[in-house]
Amino acid sequence: MKRILVASTNQKVITTVQEACKKYSAYFDAEILANSEEVLSFIDYELPEIKVIDFTSTEIDGERIVSAISADPWLHNGGIIAVTENPQKAQEIDNRKDPNILIVQTISNFCENFMRLLRILWRNQHFLLNRGMLENFSGKETGSFVCGNDPMDFRMYARFLTGYMYSSNRINGDDLYKLQTVLMELLTNALEHGNCGITYDEKTAWLENGGNILSLIAEKCKDPKIAARKIHISYAIGSTKSKFLIRDEGEGFDWRARLSQNAYSEETHGRGMKLSESLVPQLTYNDKGNEVSFVINNLKDSSNTVPVIMRTFSSVNYSDRQIVCRQNEESNDLYFIVSGRYAIYTDNKLVSVLSPNDMFIGEMAFLLNDRRSATVLAIGNGQLIRIPKVSFVNLIRRNPHYGIFLSKLLAQRLVSQTQKMLTLASQIEYLKAQAIAPAELDEKLDENE
């Protein structure tokens, strides 16, 4: 069961969410809060994954709530659905490219689309993660989305991907902007020029006559053949690189001719391909022109953000093979991992390697007020922020969600370790069974003789 935080006093917004949750009562439950202080307190204690922030309610300070979430990486989980009074405000919020905002809707669009949004969120809930709570950031993850000719759908999927890449510490803020911009430009091209077959001249004439591009898309989709076309989004997220591919079901276009045109023009549109080409190392099109892919480099052994409150503490630089702390040492400071990799040794045996994806070193000694349970050794150069226990306890008193988050992080690691032990035990039992099989087989052969 996932709780949806609804920060609103607008009855239209509240009723829309409640009706949707009734339909999906086995999966979602709504928490309606009517003022900003209650909302911020709920976010601190509950860390809800889905947050509906209503900018139309005067009692709700949407800007303050979004800013509080954006300023604290530990609150970067799930996503925000922002509801606004008009398209202008929606565009203003959307232009910020905040990684925590999944989609911005006017109130009329929200009431119309929220049921479908909830269905998309449920089907793709693995993208709504707490930073530091994903078990394995190093493995390769592949998948795909298929959406129709509604821009809302591919906006959601683009935000899923960029938010996930950011929350899993694979891109920084600058790369987030680049990736989000490129995905939206290429997906828009796939819809307009690919599936809908809108030519450059046709779009120009429509816009110059005061038309809206969404109305042109709707006009094209009156043709059942065009309406049935899909946009395919594929991704392969690796440890060092990530690849994205977008394919439409249109007739294709002469991408070579388009890319050969001047990069900068005064035209009202048509700059998307050049802009995309400038933001990623290389765009690759198929011959037909209905498929484009690109590869980006992932952030390596470096945190893409440091909580503001931790910047007041001293940072320590470590060189290769330098000791951070020793097993049985009487210290319980906590370390936030800014960059680098760190080997964890227990009784002179390597048991783990931590990176910025793990966020902390020393949480066991911190929580148990005990001696160090392991020796920590820097692998290459790195940087840590050292946080004395007393200081961090004071932070928890002022910000309770830090303690909740740290407990969740530790619980996640214990669950992961238990699963590994169970898997190992199962493998040992299997090997034991294999080892005695020949003797059993000999006995059976003897009986048959």
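Relevant structure appears above.
Remember, it's a predicted structure, so these values are computed and weren't measured experimentally. (Residues numbered from 1 in each chain as written. Predicted model: local features only at pLDDT ≥ 70, side-chain atom pairs only at ≥ 80, totals over all residues. Heavy atoms only, no water.)

Focus: the packing of aromatic side chains
Alright, step 1. Evaluation of the coordinates by the stated rule reveals 10 aromatic pairs.
Alright, step 2. Aromatic side chains F28 and W122 sit 5.8 Å apart centroid to centroid with 80° between the ring planes, which places their arrangement in the edge-to-face category. Here F28 is found in strand β2 (residues 28-33), whereas its partner W122 is found in helix α5 (residues 107-123), with 94 residues between them in sequence.
Alright, step 3. Judged by relative accessible area, F28 falls into the buried class, the value being 2%.
Alright, step 4. When the centroid spacing of 5.8 Å and the interplanar angle of 35° are considered together, the rings of F145 and Y235 count as tilted. Here Y235 lies in strand β7 (residues 231-237) and F145 lies in strand β6 (residues 141-147), a separation of 90 residues in the sequence. For the residue pair F145 and Y235, the accessibility class agrees, reading buried in each case.
Alright, step 5. Linked through ring pairs, F145, Y157, F160 and Y235 together constitute an aromatic cluster. (Phe/Tyr/Trp six-rings, centres within 6.5 Å; stacked < 30°, edge-to-face > 60°. Helix = DSSP H or I, 4+ residues; strand = E, 2+ residues; numbered from the N terminus. Buried < 20%, exposed > 50% of the residue type's maximum accessible area, 1.4 Å probe, protein only.)

Re the environment of S278
Alright, step 1. Relative to the elements of secondary structure, S278 occurs in helix α12 (residues 272-279).
Alright, step 2. Under the relative-accessibility criterion, S278 is labelled exposed at 54%.
Alright, step 3. In the structure, S278 is positioned 100 residues away from K178 in sequence and 9.4 Å away in space, judged by C-alpha atoms.
Alright, step 4. In terms of polar contacts, S278 uses its side chain to reach the backbone carbonyl oxygen of L275, at 2.6 Å. (Polar contact = N/O pair within 3.5 Å; in protein donor to acceptor, adjacent residues only side chain to side chain.)

Brief notes about a nonpolar patch on the surface
Alright, step 1. A cluster of nonpolar side chains, contributed by L350, V353 and I379, occupies part of the molecular surface with about 220 Å² of accessible area.
Alright, step 2. For L350, the location among the structural elements is in strand β14 (residues 349-354). (Patch = residues over 30% accessible without salt bridge, like charges linked within 9 Å, V, L, I, M, F, W, Y side chains within 5 Å. Areas by Shrake-Rupley, 256 points an atom, 1.4 Å probe, with all protein chains shown as cover. Salt bridge = Lys/Arg side-chain N within 4 Å of Asp/Glu carboxyl O.)

What about the environment of F405?
Alright, step 1. Here F405 is to be found in helix α15 (residues 400-448).
Alright, step 2. Here the alpha-carbon distance between F405 and L47, two residues 358 residues apart in the chain, equals 8.4 Å.

Description of the nonpolar core
Alright, step 1. In terms of nonpolar packing, the biggest core is built from 67 residues, with F114 and F294 touching the most fellow members.
Alright, step 2. Broken down by element, the residue count for this core peaks at 10 residues, all from helix α6 (residues 151-167).
Alright, step 3. Aside from chain neighbours lying at most four places away, what touches F294 is L179, V182, L183, L186, S242, K243, F244, V280, Q282 and L283.
Alright, step 4. Core analysis: the second largest hydrophobic core is formed by 38 residues, L40, F55, F313 and F360 among them. (Core = buried A, V, L, I, M, F, W, Y, C linked by side-chain atoms within 4.5 Å. Contact = heavy atoms within 4.5 Å.)

Notes on the packing of helix α2 (residues 36-46) against helix α3 (residues 62-71)
Alright, step 1. Packing of α2 against α3 leaves a shortest axis separation of 10 Å and a crossing angle of 20°. On the basis of their axis angle, the class for α2 and α3 is roughly parallel. Handedness of the α2/α3 crossing: right-handed. Along the contact surface, α2 presents S36, E37, V39, L40 and I43, while α3 presents R64, I65, A68 and I69. (Axes fitted to C-alpha atoms, helices over the stretch in contact; angles between N-to-C directions. Parallel < 35°, antiparallel > 145°, perpendicular 65-115°, else oblique. Left-handed = near helix turned anticlockwise from the far one by under 90°.)

Digging into the sheet that holds strand β1 (residues 2-7)
Alright, step 1. Taken together, the 5 strands give an open sheet; going across it, the order is β2-β1-β3-β4-β5, and neighbouring strands pair in parallel fashion. Edge positions in the sheet fall to β2 and β5 (101-106), since each of these pairs with one other strand and no more. When strand polarity is set aside, the average angle formed by the axes of neighbouring strands in this sheet is 20°.
Alright, step 2. As defined by bridge partners, strand β4 (residues 79-84) adjoins β5 across 5 bridges and the pair is classed as parallel. If you follow I81 over to β5, its bridge partner there is I103.
Alright, step 3. Sitting on the sheet, helix α1 (residues 11-23) is in contact with β1, β2, β3 (50-54) and β4, with an inclination near 160° to β2.
Alright, step 4. The strands that α3 touches are β1, β3, β4 and β5; relative to β3, the one it contacts most, it runs at about 150°. (Pairing = 2+ DSSP bridges.)

Let's talk about the packing of α6 against helix α7 (residues 173-195)
Alright, step 1. Direction vectors running N to C along α6 and α7 enclose 155°, while the axes themselves pass 10 Å from each other. Looking at the two axes, α6 sits roughly antiparallel to α7. Two packed elements cross with a definite hand, and for α6 against α7 that hand is right-handed. Contacts from P151, F154, R155, A158, R159, L161, T162, M165 and Y166 of α6 reach α7 at G173, L176, L179, Q180, L183, M184, L187, T188 and L191.

Some remarks on the pairing of strand β13 (residues 334-346)
Alright, step 1. Judged by how many residues are buried, β13 sits mostly within the fold: 10 of 13 residues are covered.
Alright, step 2. Looking at chain direction, β13 and strand β16 (residues 375-387) are connected through 10 bridges and run antiparallel. Within the sheet, the bridge partner assigned to F336 lies in β16 and is I385.
Alright, step 3. One ladder, built from 2 bridges, connects β13 with strand β15 (residues 360-361); its direction is antiparallel.

Remarks on the sheet that holds strand β8 (residues 241-248)
Alright, step 1. The sheet built from 5 strands is open, its strands ordered β6-β7-β8-β10-β9 with antiparallel pairing. Edge positions in the sheet fall to β6 and β9 (283-285), since each has one partner strand and no second. Ignoring which end each strand starts from, the neighbouring axes of this sheet average 15° apart.
Alright, step 2. Sheet analysis places β9 next to strand β10 (residues 291-297), joined by 3 bridges and oriented antiparallel. The residue bridging T284 from the neighbouring strand is S293, located in β10.
Alright, step 3. Running over the sheet, α7 touches β7, β8, β9 and β10 and is turned about 15° from β8.

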